[in-house]
Amino acid sequence: MSTEENKALMRRWYGMEDFKGIQKDEIEKTLRKVAAEIFAPEWIAHSSQGDMPYEAFIQYNIAFMSSFPDFNCTIESQVAEGDKVVTLLTMRGTHLGPLRGMPPTGKKIEVGGVSIGRFADGKAVEGWLFSDSLGMMQQLGVIPKQ
């Protein structure tokens, strides 16, 4: 696939169009369908949460989207070269469900992030995901702002 096709796959994932207006009970089904079209079964995500193979990545995203049912991303910038796509994001949402044992706060978040995806045979096979987790926890009031 071309770099433009790879960029389009990442825009589809982060653009969240497939998730707009879905009900909470549809999150897992929709996420699994979309992920199967974008990510290879051997997908591995490297992040501050540790390495997540495909199924762990799916479970993480289901839990996160259930915690922030209005979650959305703005793609600020995107570049591609060879088999990699770098996407600069701003993520937003309202914390309305439990997250990693933390009860809902009802607070809104706005967090920056960067995703680097590596592609092979038309699918994302590896990714490096970085986001401002500290900033998110501060916005939720879990960690005091310095």
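Residues numbered from 1 in each chain as written. Predicted model: local features only at pLDDT ≥ 70, side-chain atom pairs only at ≥ 80, totals over all residues. Heavy atoms only, no water.

Draft legend 1. Examining the packing of helix α2 (residues 27–38) against helix α3 (residues 54–67) more closely. Interaxial distance between α2 and α3 falls to 10 Å at its minimum, and their mutual angle equals 140°. Between α2 and α3, the angle falls in the class oblique. As α2 runs across α3, the sense of the crossing is right-handed. Residues Ile27, Glu28, Leu31, Arg32, Ala35 and Ala36 of α2 lie in contact with α3, whose contacting residues are Tyr54, Glu55, Ile58, Gln59, Asn61, Ile62, Met65 and Ser66. (Axes fitted to C-alpha atoms, helices over the stretch in contact; angles between N-to-C directions. Helix = DSSP H or I, 4+ residues; strand = E, 2+ residues; numbered from the N terminus. Parallel < 35°, antiparallel > 145°, perpendicular 65-115°, else oblique. Left-handed = near helix turned anticlockwise from the far one by under 90°. Contact = heavy atoms within 4.5 Å.)

Draft legend 2. Representation of unusual backbone geometry. Phi is positive for Arg100, which is not a glycine, with a value near 50°. Structurally, Arg100 can be placed in the loop between β4 (84–94) and β5 (108–120). Even without being a glycine, Asp121 presents a positive backbone phi close to 55°. Considering the arrangement of structural elements, one finds Asp121 in the loop between β5 and β6 (123–131).

Draft legend 3. Highlighting the environment of Phe71. Inspection of the secondary structure assignment puts Phe71 in the loop between α3 and β3 (72–81). Residue classification places Phe71 among the buried positions, given a relative accessible area of 14%. Separated by 24 residues in the primary sequence, Phe71 and His95 place their C-alpha atoms 8.9 Å from one another. Not counting the four nearest positions on each side in its chain, Phe71 is found in contact with Met16, Phe64, Met91, Arg92 and Gly93. (Buried < 20%, exposed > 50% of the residue type's maximum accessible area, 1.4 Å probe, protein only.)

Draft legend 4. Representation of the pairing of β5 within the structure. Burial along β5 is one-sided: the residues Ile109, Val111, Gly113, Ser115, Gly117 and Phe119 are buried and none of Lys108, Glu110, Gly112, Val114, Ile116, Arg118 and Ala120 is. Both β4 and β5 contribute to a ladder of 11 bridges, which runs antiparallel. For Met91, the partnering residue across the bridge sits in β5 and is Val111. In terms of strand pairing, β5 meets β6 through 8 bridges, oriented antiparallel. Its bridge partner lying in β6, Ser115 is registered against Leu129. What sits between β5 and β6 in their antiparallel hairpin is a turn of 2 residues, with Asp121 showing a positive phi close to 55°. (Pairing = 2+ DSSP bridges.)

Draft legend 5. Looking closely at the packing of aromatic side chains. Under the counting rule described, the total for this entry stands at 9 aromatic pairs. Measuring from centroid to centroid gives 5.1 Å for Phe39 and Phe57, while their planes differ by 65°, and the two rings are edge-to-face. Of this pair, Phe39 sits in strand β1 (residues 39–47) while Phe57 sits in helix α3, and the two are 18 residues apart along the sequence. As far as the burial class goes, Phe39 and Phe57 line up, both buried. Summarising the aromatic geometry, the rings of Phe64 and Phe71 are spaced 5.2 Å apart at their centres and angled 85° between planes, so their arrangement reads as edge-to-face. For Phe64, a relative accessible area of 11% puts it in the buried group. (Phe/Tyr/Trp six-rings, centres within 6.5 Å; stacked < 30°, edge-to-face > 60°.)

Draft legend 6. The pattern of salt bridges, seen in detail. Inspection of the entire model under this criterion finds 10 salt bridges. Measuring nitrogen to oxygen at the nearest pair gives 3.5 Å for the salt bridge that ties Lys20 to Glu17. Residue Lys33 pairs with Glu37 through a salt bridge whose shortest N-O separation is 3.2 Å. Here Lys33 and its partner Glu37 are both found in helix α2, 4 residues apart, which amounts to about one turn of the helix. (Salt bridge = Lys/Arg side-chain N within 4 Å of Asp/Glu carboxyl O.)

All we've got here are geometric facts, nothing functional implied.
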